[in-house]
Amino acid sequence: MKKKMKMKIVELSMVLKIIPKVLQIFLNFCLVLLSLILSFLLIKELTMFLKIFMTDGSSDYKMFIANILIFFLYFEFITMIVKYFKEEYHFPLRYFIYIGITAMIRLIIVEHDHPIDTLIYSLVILILIIGYFIMNITPLERPNRQK
């Protein structure tokens, strides 16, 4: 009876070791697929820049700046995925803050019709910058807790 119990425990522990590996492989595959899609969209934005640049009558600078910020969002997401693989399956928090700041700046440029909304977006940017500052002054390693 004890032998069967030990066998089941060994089998269960093997399964519990395999599941995270399979999920990590699935996650890696999905992130590679996402990075390929984002790369395609990044190239598409580059072609839009060229079209805007080549047309002489285009004076819509707001659309051009909004497209630049979308380009940077794609670029930041791809960079974040690259960092994920380089830092052994870890997303650095600062990249999420960069993306948030860029997205808020884009919202201010594109949708600045309502002053209250613009003020709220500006406050969000300020909060993200304060969070980034706090993150940079906080030591990376935490002290061990006393038990």
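Residues numbered from 1 in each chain as written. Predicted model: local features only at pLDDT ≥ 70, side-chain atom pairs only at ≥ 80, totals over all residues. Heavy atoms only, no water.

Enquirer: Would you mind showing me how to read unusual backbone geometry here?
Expert: In the Ramachandran plot, E88 falls in the positive-phi region, its phi being about 55° despite a non-glycine side chain. Note on placement: E88 falls in the loop between α2 (61-86) and α3 (93-110). Positioned with a positive phi, Y89 is a non-glycine residue whose angle comes to about 65°. Summarising the element assignment, Y89 is placed in the loop between α2 and α3. (Helix = DSSP H or I, 4+ residues; strand = E, 2+ residues; numbered from the N terminus.)

Enquirer: Would you mind going over the side chain of T118 with me for this structure?
Expert: Along the chain, the position of T118 falls in helix α4 (residues 115-137). Owing to a relative accessible area of 19%, T118 belongs among the buried residues under this scheme. The residues touching T118, leaving out its near neighbours within four places in the chain, are I108, E111 and H112. (Buried < 20%, exposed > 50% of the residue type's maximum accessible area, 1.4 Å probe, protein only. Contact = heavy atoms within 4.5 Å.)

Enquirer: For this particular structure, what's the right way to read the nonpolar core?
Expert: Generally speaking, soluble globular proteins have nonpolar side chains that are buried together. By size, the foremost hydrophobic cluster in this structure holds 10 residues: L31, L38, L42, F49, I70, F71, Y74, I78, I81 and Y84. Elements that contribute at least two residues to this core include exactly α1 (2-54) and α2. No other element matches the six residues that α2 contributes to this core. Ignoring any residue separated from it by four or fewer positions in sequence, one finds I78 in contact with S35, L38, S39 and L42. In terms of nonpolar packing, the next biggest core, distinct from the first, is built from five residues, I97, I101, M104 and Y121 among them. (Core = buried A, V, L, I, M, F, W, Y, C linked by side-chain atoms within 4.5 Å.)

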